[in-house]
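Coordinates in review
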Protein chains: 2
Amino acid sequence: MMTTGGGLREASRRAVRSCIAETAEALFIARGFEETTVDEIAAAVGMSQRSFFRYFASKDDVILDNLSRFGADLAAAVGARPAEEPEWDSLHRAFGLVVERFADRERREHEAAVQRIIEGSPRLLAAYLQRLDRIQQHLTEELMGRAAAGPGPAPDRMVMRAMVGSAFACLHAAVSHIAADGDPERFEQHLERAMAALRPAGIGLASSEPS
Amino acid sequence: MMTTGGGLREASRRAVRSCIAETAEALFIARGFEETTVDEIAAAVGMSQRSFFRYFASKDDVILDNLSRFGADLAAAVGARPAEEPEWDSLHRAFGLVVERFADRERREHEAAVQRIIEGSPRLLAAYLQRLDRIQQHLTEELMGRAAAGPGPAPDRMVMRAMVGSAFACLHAAVSHIAADGDPERFEQHLERAMAALRPAGIGLASSEPS
DNA sequence: TCCGGTCCGTCAGCGACTGCCAGTCTTTTG
DNA sequence: CAAAAGACTGGCAGTCGCTGACGGACCGGA
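Side note on the overall build of chain A
Along its length, chain A carries 10 helices and 0 strands. The order of α-helices and β-strands along chain A, N terminus first, is α-α-α-α-α-α-α-α-α-α. Dimensions of chain A along its principal axes, counting C-alpha atoms only, are 60 × 55 × 30 Å. The proportion of buried residues among the 211 residues of chain A is 48%.

Laid out in structure tokens, this is it:
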């Protein structure tokens, strides 16, 4: 029999996942990431270590799982922007998803704590940056497709990739800043300031590669 | 007894390190990174696994060791630039170190192969991005100190961090591009094109944070 | 000669992660 | 209702990266 389309089974799985994630994050905040073993997490949830790895591919995955979903949402947000809009502004608007995440005071506190955990562990930070890199690749392809459909000359994939990376540098700088120095109230202002300062001059940025 | 200031002992150590690195890279190219175990590397060099870890802190370190030295060189190159020069241009000139690395045909081939190994393994790519992040932090501090000594207003660390990240996005895009599509001849042109397109409009970028 | 330091190999161990097998519980089917 | 099929789980053993502790070999100087 085929799957029923993601019914009860999938819902249950998602519930278990979030339960594991919450328990693990609590342990991470209390004892630190490296100091918390997978066995401890599994014991705290009440399952075997083997089952833990049936829900999360790795220990890092428990924290960075949200990021993957964020990547998909971001690509959708960029795709929803008008095609005539300069790419930089589309990215800027799409980053509004992050701003929304920092809207609630409670959620803001939590996100900042998670970010501090990530930047406090070299292993986690590495995995985090790698996922950001993947998201950037997806966004680059998204914008490449959009630019190719437009009237201008053929877009330059390398320059597009650099621009997406530049926008993410602004995002990363703003997130890191509020995670380190506290005061997460003005996250939007920080992001705004960085993206205004680094806005590329030639916003059209076409000029196909001289082959 | 104190160290003699880095004499024969250090030279020998460096020789062993490069021997290990060469052997390991050959194995990585032949069999892949994940498929090559530390035991195999140690056996190929003719030493125990324990001794391997006395020369390299981790398996990743074998490949990414050059990167750390590159970070130090880069900071020095930026520090050697005139203080009045816009930060973006100082970074651009400092990236000349990478351009030089791609000058020799043989070396260029090798660097591209290493880059392909890095980007082919998620684990390695993560560690690579993390080291790039550290280098960016160092460069940010370097440029912050330079800007603080100048006549202008107090510089904004977050914006400075974003700008350094943007410059590295250009560098990363150019390096990735030649590693993927081959044709490493025009690396300098690629880098030039990206950095010209993403050059910030307000190059002075002071405007201290509104506290 | 003895002594200090340095280098190395061996062993034991931890933690992340995986494959395999067996058991349970639920759902479907004859 | 019983049997088969499937999903989920725990336990076990094993790999791999990595670390600490111990003991032996070499080598310079006193």
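Next comes the rest of the write-up.
Structural notes on the protein's contact with DNA strand C
As a structural note, the neighbourhood of DNA strand C is formed by 19 residues, with Arg50(A), Lys59(A), Ser51(B), Arg54(B) and Tyr55(B) the closest of them. Considering DNA strand C, the proportion of its atoms within 4 Å of the protein that are sugar or phosphate atoms stands at 55%. In this structure, a base oxygen belonging to DNA strand C sits 2.5 Å away from a side-chain N or O atom of Arg54(B). A distance of 2.8 Å is found between a phosphate oxygen of DNA strand C and a side-chain nitrogen or oxygen belonging to Tyr55(B). Listing elements by their share of the surface near DNA strand C, those giving two or more residues are α3 (49-55) of chain A together with α3 (49-55) of chain B. In the surface near DNA strand C, the residues fall into 6 nonpolar, 6 polar and 7 charged.

Comments concerning the protein's contact with DNA strand D
Near DNA strand D, the surroundings consist of 19 residues, among which Ser48(A), Ser51(A), Arg54(A), Tyr55(A) and Lys59(B) are the closest. Gln49(B) has a polar side-chain atom sitting 3.4 Å from a base nitrogen of DNA strand D. Contacts to DNA strand D include Lys59(B), whose backbone N or O atom sits 2.7 Å from a phosphate oxygen. Secondary-structure elements contributing two or more residues to the surface near DNA strand D are α3 of chain A together with α3 of chain B.

Quick look at the environment of Glu111(B)
Residues and elements named next belong to chain B. Here Glu111 is to be found in helix α7 (residues 105-120). For the pair Glu111 and Arg101, spaced 10 residues apart in sequence, the C-alpha to C-alpha distance is 8.2 Å. Glu111 has contacts with Arg101 and Phe102, leaving out every residue within four places of it along the chain.

As for the relation of the copies chain B and chain A
These two copies of the chain differ by a rotation about an axis and a displacement along the same axis. The two copies are related by a screw operation: chain B maps onto chain A through 180° of rotation and 0.0 Å of translation along the axis, at an RMSD of 0.1 Å. Expressed as an axis order, the relation between the two copies is that of a two-fold axis. A symmetric contact is evident, with 100% of the interface residues of chain B recurring at the interface of chain A.

Quick word on the interface of chain B and chain A
Each side of the interface is counted separately: chain B has 32 residues, and chain A has 32 residues. Surface buried jointly by chain B and chain A totals about 2800 Å² across both partners, of which 67% is contributed by carbon and sulfur atoms. Interface area lost by chain B to chain A is led by Met158(B), Arg193(B) and Leu198(B), which between them contribute 23%. Summed over the shared surface of chain B and chain A, the result is 2 salt bridges. The residue Asp156(A) makes a salt bridge to Arg193(B) at a minimum N-O spacing of 2.6 Å. The interface formed by chain B and chain A includes 4 residue pairs in polar contact (both at pLDDT 80 or more). Secondary-structure elements contributing two or more residues to the side of chain B that touches chain A are α8 (122-149), α9 (157-181) and α10 (187-197) of chain B. Broken down by element, the side of chain B that touches chain A gets its largest block of residues, 13 residues, from α9(B).

Looking at the environment of Pro155(B)
Residue and element names in this part refer to chain B. Structurally, Pro155 is set in the loop between α8 and α9. Residue classification places Pro155 among the buried positions, given a relative accessible area of 17%. Each C-alpha atom of the pair Pro155 and Ala113 lies 39 Å from the other, and the pair is 42 residues apart in sequence.

Thoughts on the domain arrangement of chain A
Residue and element names in this part refer to chain A. Parsing chain A into structural domains produces domain 1 (1-56) and domain 2 (58-197). Taking the mean C-alpha position of each, domain 1 and domain 2 sit 26 Å from one another. Taken together, the 13 residues of domain 1 in the interface contact 16 residues of domain 2. Both faces combined, the contact of domain 1 with domain 2 buries some 1300 Å², and carbon together with sulfur accounts for 69% of it. Three residues stand out in domain 1 for area buried against domain 2, namely Glu25, Phe33 and Phe56, and they jointly supply 48% of the buried area on that side. At the junction of domain 1 with domain 2, the criterion picks out 1 salt bridge. In this structure, the salt-bridge partner of Asp65 is Arg17, at a minimum N-O distance of 2.9 Å. At the boundary of domain 1 and domain 2, one finds 6 residue pairs in polar contact (both at pLDDT 80 or more). Among the secondary structure elements, those contributing two or more residues to the side of domain 1 that touches domain 2 are α1 (8-31) and α3.

What counts, and at which threshold
- Residues numbered from 1 in each chain as written.
- Chains lettered and ligands numbered in written order.
- Predicted model: local features only at pLDDT ≥ 70, side-chain atom pairs only at ≥ 80, totals over all residues.
- Heavy atoms only, no water.
- Helix = DSSP H or I, 4+ residues; strand = E, 2+ residues; numbered from the N terminus.
- Buried < 20%, exposed > 50% of the residue type's maximum accessible area, 1.4 Å probe, protein only.
- Near = heavy atom within 4 Å.
- Polar contact = N/O pair within 3.5 Å; in protein donor to acceptor, adjacent residues only side chain to side chain.
- Nonpolar A, V, L, I, M, F, W, Y, C, P; charged D, E, K, R; others polar.
- Contact = heavy atoms within 4.5 Å.
- Least-squares fit on C-alpha atoms with pLDDT ≥ 70 in both.
- Buried area = accessible area lost by both parts, 1.4 Å probe.
- Salt bridge = Lys/Arg side-chain N within 4 Å of Asp/Glu carboxyl O.
- Domains from an automatic or database assignment.

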